[in-house]
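Observations on the three-dimensional arrangement
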Amino acid sequence: MSKLGNLGARLYRGEIGYDFISKRKIWYGVSILITITAIVGLAVRGLNMGIEFSGGAVFTTPKTSVSTTEAQHHAESAAPGHQAVVQQLGGGALRIQISGLDTKQAVPVQEEIAKDLNVPVKDVNTQLVGPSWGEQIANKAWLGLGIFMVLVVLYLAVAFEWRMALAALVALIHDLTITVGVYALVGFEVTPGTVIGLLTILGYSLYDTVVVFDSLKEASKDLTKQSRFTYSEIANRSINSTLVRSINTTVVALLPVAGLLFVGGGVLGAGMLNDISLALFVGLAAGAYSSIFIATPLVADLKNREPQMKALAKRVTAKRASAAAKEAARQEEQSDEAVAEDGADEDEGAAVVGPRSQPASRNRGRGRPSGRRR
């Protein structure tokens, strides 16, 4: 068995473990700090919405020797006041995206781009996206996200309980906020692919959370009928028992996504992959973090407020205090017995030495008269 597999088995059996629950305030603080950073980035920089949401024009050129940087400069010069996004396609073609253009503005911009890139105007393909269509796409995206959230809450409330449903919802909002904040800070374009990526990462995050919650549900059956463990300790054992599994699942999912993001989008220049790969990469990492450090500790906090769990914690504490007192008394009794045995040995030694010295003195006294008789 590998070292990681051996570690996972020991964690699952409860032989070793890390106390996640007792350090939950640290995890809450880290999450709050990251979330505030994401919200500030979103408020200051905003999202770079693609033309699918804001409306605009997309110009596809034939093969050209002009670089993407030069093409972006020419496109923004042809359409002053509008931001251009240029992506290099296969075979040396370019995809120039300019937001906010209408039909009347698109024709002169097309002619200017063709002139600057030294290609025929008829070879520059133009596609227009109206702002009303983009608004419909945005509304459908929000509607799909809302329906997903409602279904998630209903499923968790039925399969588990409302506290777990609330904790899972907080974890999902946490993942969404961080991912959207990273998009704002990085400046990547938000497209329908981004929405697909967000919905995908919510599924992954929910999967990790459900795995931990299922283990916690099994371990906490008839919990109030015993007095050995508190709910927080059971929750901590559930996290540890599924920790290696969650890490393996996340790493396996992140590897191909990292290939899309860093190799496909960064090295090969396939910029259209960035919108979905960034959402997947950030969301998967945030989802694994929230399942371990946010969702389960939050459930433990909510459950520990119940009267029966408070009573359980008191019984566990009292039993452990009684066991500790008995152990201390037993050790003290053993210590007293050891001291008594040492004292008995000393007394016995003194008794043995005394009689042996007395006959010797008598012998010496008897020996003297015999000498006088001689």
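For the structure, see preceding data.
We now turn to the structure provided with this report. Note that this is a predicted model, so its numbers are computed, not measured. (Residues numbered from 1 in each chain as written. Predicted model: local features only at pLDDT ≥ 70, side-chain atom pairs only at ≥ 80, totals over all residues. Heavy atoms only, no water.)

Details of the overall build of the protein chain
- In terms of helices and strands, the protein chain carries 11 helices and six strands.
- For the protein chain, restricting intrachain contacts to residue pairs at least 6 apart in sequence, the fraction spanning at least 24 positions comes to 76%.
- Carbon and sulfur atoms provide 60% of the accessible area of the protein chain, an area that totals close to 21,100 Å². (Helix = DSSP H or I, 4+ residues; strand = E, 2+ residues; numbered from the N terminus. Contact = heavy atoms within 4.5 Å. Areas by Shrake-Rupley, 256 points an atom, 1.4 Å probe, with all protein chains shown as cover.)

Section: the nonpolar core
- F20, L156, M164, F213, L216, Y231 and V299 are the most contacted members of the largest nonpolar core, which totals 44 residues.
- Elements supplying a minimum of two residues to this core: α6 (131-159), α7 (162-186), α8 (192-219), α9 (231-267), α10 (274-303) and α11 (307-373).
- Per element, the largest residue contribution to this core is nine residues, and it comes from α10.
- In contact with L216, not counting residues within four places along its chain, are M164, Y231, I234, A235, S238, T296 and V299.
- Counting residues in hydrophobic clusters, the runner-up holds 20 residues, among them A71, A79, A106 and L117. (Core = buried A, V, L, I, M, F, W, Y, C linked by side-chain atoms within 4.5 Å. Buried < 20%, exposed > 50% of the residue type's maximum accessible area, 1.4 Å probe, protein only.)

Remarks on the pattern of salt bridges
- Using the criterion set out here, one finds 10 salt bridges in the structure.
- For the salt bridge of E161 with K303, the shortest nitrogen-to-oxygen distance reads 3.5 Å. Of the two residues, E161 sits in the loop between α6 and α7 while K303 sits in helix α10, which places them 142 residues apart along the sequence.
- Among the salt bridges present, the one from E218 reaches K221, with a minimum N-O distance of 3.7 Å. (Salt bridge = Lys/Arg side-chain N within 4 Å of Asp/Glu carboxyl O.)

So, the packing of aromatic side chains
- One pass over the structure, following the stated rule, counts five aromatic pairs.
- Centre to centre, the rings of F160 and F213 are 6.1 Å apart; their planes meet at 75 degrees, and the pair counts as edge-to-face. On the criterion of sequence distance, the pair formed by F160 in the loop between α6 and α7 and F213 in helix α8 is long-range, its members being 53 residues apart. Across the pair, exposure class does not vary: F160 and F213 are buried alike.
- Plain terms: the ring middles of Y289 and F293 are 4.8 Å apart, the flat faces sit at 25 degrees to each other, and that makes the pair stacked. Of this pair, Y289 and F293 both sit in helix α10, four residues apart, which is roughly one turn of that helix.
- Among the aromatic residues, those joined into a ring-pair cluster are Y18, F20, W27, Y289 and F293.
- When the ring centre of F229 is taken as origin, the NZ or CZ atom of R237, which lies over that ring, is 5.2 Å away. (Phe/Tyr/Trp six-rings, centres within 6.5 Å; stacked < 30°, edge-to-face > 60°. Lys NZ or Arg CZ within 6 Å of the ring centre and 35° of its normal.)

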